[in-house]
Amino acid sequence: MTALQRKAILIKDKFICHKKNGKGNTLIFSRNHPTAKFVRVVVDSGIDKTTGKIVSKAGVKLCYVNRQKSWREITGQVFTTNTGLVKTIKAQEAAEKFVKTCKHCKAKKFTAKTGNVVCSNACWTAWGGKKKGASTTKKSSQKTTAQKKAATPKKKKPQKVTPKSQRTYPASKKSQKSSQKKSQKIVAEILPGDLVTVEEIEFDKITNDFTGSILGVVMKNTTGAVVVNWTANTSDLPEWDMPYTDTYHTGRRRHYRFKVLSRKVEWTKVA
Ligand SMILES: [Zn+2]
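If you're wondering where the values come from, they're calculated on a predicted model, not measured in any experiment. (Residues numbered from 1 in each chain as written. Predicted model: local features only at pLDDT ≥ 70, side-chain atom pairs only at ≥ 80, totals over all residues. Heavy atoms only, no water.)

(A) Summary view of the packing of aromatic side chains. Counted by the stated rule, this structure contains four aromatic pairs. Relative to Tyr-64, the ring of Phe-38 lies with its centre 6.0 Å away and its plane at 75°, an arrangement referred to as edge-to-face. Placement of Phe-38 in the loop between β2 (26–32) and β3 (39–48) and of Tyr-64 in strand β4 (residues 58–65) is noted, with a sequence separation of 26 residues between them. Judged by relative accessible area, which is 6%, Tyr-64 ranks as buried. (Phe/Tyr/Trp six-rings, centres within 6.5 Å; stacked < 30°, edge-to-face > 60°. Helix = DSSP H or I, 4+ residues; strand = E, 2+ residues; numbered from the N terminus. Buried < 20%, exposed > 50% of the residue type's maximum accessible area, 1.4 Å probe, protein only.)

(B) Spotlight on the pattern of salt bridges. The full count for this structure, using the stated rule, is 12 salt bridges. With its nearest N and O atoms 3.0 Å apart, the salt bridge here joins Glu-96 to Lys-108. Here Lys-108 lies in the loop between α2 (85–95) and β7 (109–111) and Glu-96 lies in the loop between α2 and β7, a separation of 12 residues in the sequence. Owing to a relative accessible area of 11%, Glu-96 belongs among the buried residues under this scheme. (Salt bridge = Lys/Arg side-chain N within 4 Å of Asp/Glu carboxyl O.)

(C) Just the coordination of the zinc ion, in detail. Each protein donor to the zinc ion is listed here as Cys-102 (SG), Cys-105 (SG), Cys-119 (SG) and Cys-123 (SG); together their distances run 2.2 to 2.3 Å. Coordination at the zinc ion comes from four donor atoms whose angles at the metal span 96 to 117°, giving a geometry best classed as tetrahedral. Residue Cys-105 is classed as buried on the basis of its relative accessible area, which comes to 14%. Cys-123 gets classed as buried once you look at its relative accessible area, which sits at 7%. (Donors = N, O, S within 2.8 Å, 3.2 Å for Na, K, Ca; no water. Tetrahedral: all angles 85-135°; square planar, octahedral: opposite > 155°, others 65-115°.)

(D) Region of the structure containing the pairing of strand β11 (residues 205–209). Of the strand pairs in this sheet, strand β10 (residues 195–202) and β11 are connected by four bridges, and their pairing is antiparallel. Each bridged residue has a counterpart across the sheet, and for Glu-200 the counterpart in β11 is Asn-208. Between β10 and β11, which follow one another and run antiparallel, lie two residues, and Phe-203 among them has a positive phi close to 45°. (Pairing = 2+ DSSP bridges.)

(E) Structural view of the side chain of Gln-92. Within the secondary structure layout, Gln-92 lies in helix α2. Given a relative accessible area of 3%, Gln-92 falls into the buried group. In this structure the side chain of Gln-92 is engaged in a polar contact, spanning 2.9 Å, whose partner is the backbone oxygen of Gly-76. Look past the residues within four positions of Gln-92 in its chain and what remains in contact with it is Val-60, Lys-61, Leu-62, Thr-75, Gly-76, Val-78 and Arg-254. (Polar contact = N/O pair within 3.5 Å; in protein donor to acceptor, adjacent residues only side chain to side chain. Contact = heavy atoms within 4.5 Å.)

(F) Seen up close, empty space enclosed by the protein. Across all of its chains, the model carries two cavities of 30 Å³ or more by this definition. Lining the largest cavity we find 13 residues, and of these Gly-76, Gln-77, Asp-236, Leu-237 and Pro-238 sit closest to its centre. Its residues assigned to classes, the lining of the largest cavity shows five nonpolar, three polar and five charged. Both of domain 1 (3–98) and domain 2 (182–270) provide at least three residues apiece to the lining of the largest cavity. (1 Å grid on protein atoms, 1.4 Å probe; cavity = no way out; pocket = protein on both sides within 12 Å on 5 of 7 lines; lining within 4 Å. Points joined across faces, edges and corners; volume = space filled by probe spheres on them. Nonpolar A, V, L, I, M, F, W, Y, C, P; charged D, E, K, R; others polar. Domains from an automatic or database assignment.)

(G) Molecular detail of a nonpolar patch on the surface. A contiguous nonpolar surface patch, about 200 Å² in accessible area, is contributed by Leu-195, Leu-215 and Leu-261. Turning to its location among the elements, Leu-195 is positioned in strand β10. (Patch = residues over 30% accessible without salt bridge, like charges linked within 9 Å, V, L, I, M, F, W, Y side chains within 5 Å. Areas by Shrake-Rupley, 256 points an atom, 1.4 Å probe, with all protein chains shown as cover.)

(H) Here's a closer look at the environment of Val-78. Among the structural elements, Val-78 can be located in strand β6 (residues 78–80). Of the residues examined, Val-78 reaches a relative accessible area of 25% and is grouped as partly exposed. Residues Val-78 and Val-43, spaced 35 residues apart in sequence, show a C-alpha to C-alpha distance of 9.4 Å. Those residues in contact with Val-78 that lie beyond four places of it in its chain are Ala-58, Gly-59, Val-60, Thr-88, Gln-92 and Arg-254.

As far as function goes, none of this settles anything; it's purely spatial.
Here you go:
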């Protein structure tokens, strides 16, 4: 498990080393996704820039390079050792087809700080429409799940301007609800004072447990909206992925929920 070995795996796989790491002191590597345009496979090598030693597992994620050349994280980061590195890179590459695409500009969508899944190009800002319209527009187009979308071949249609009344807005809360019609509601009792960490859920299975790297105390729970004082986060989970509700719906590709450490709390399905 040497740093040298890790670097060699990445270089052999055509990754290039970045000069900068805006978030830490580890070496970042990336290369283009083999098929998806504007998508980069990004690996945080976990190798310390200064000492050249391994300080953490390697983290693999996908980023979309938007029109402004900003990189948007379109998948969560998956951590791996040297042994699993090639496999994890392949798995993340495969995850690309489950990432939703903006139907207006075809860019990949990402989860914004607000928790809403939005276009990487933020193309709606150029539409000239007001956000208010979203609440009066009923949606049907977003009912398809990410998987369904992946199964259907992409139609190449020339871009057309949708009349304002029919426009759909990615940031709409209603649209998120309608896309979850077939899924089940899962609820847990999260109470003020609870010591919590985070669990990553993918297709209804726990895929990552952040016990030991994320810790918080629940301050209040106002009809499901949970306010947490996060006291520690040594993981790479960005702030906008942190859970903030005591409810979620099944069938989502990947998301994060609370895990209560201070007492036994279970997530249960409700009718
Ligand atoms: Zn767009």
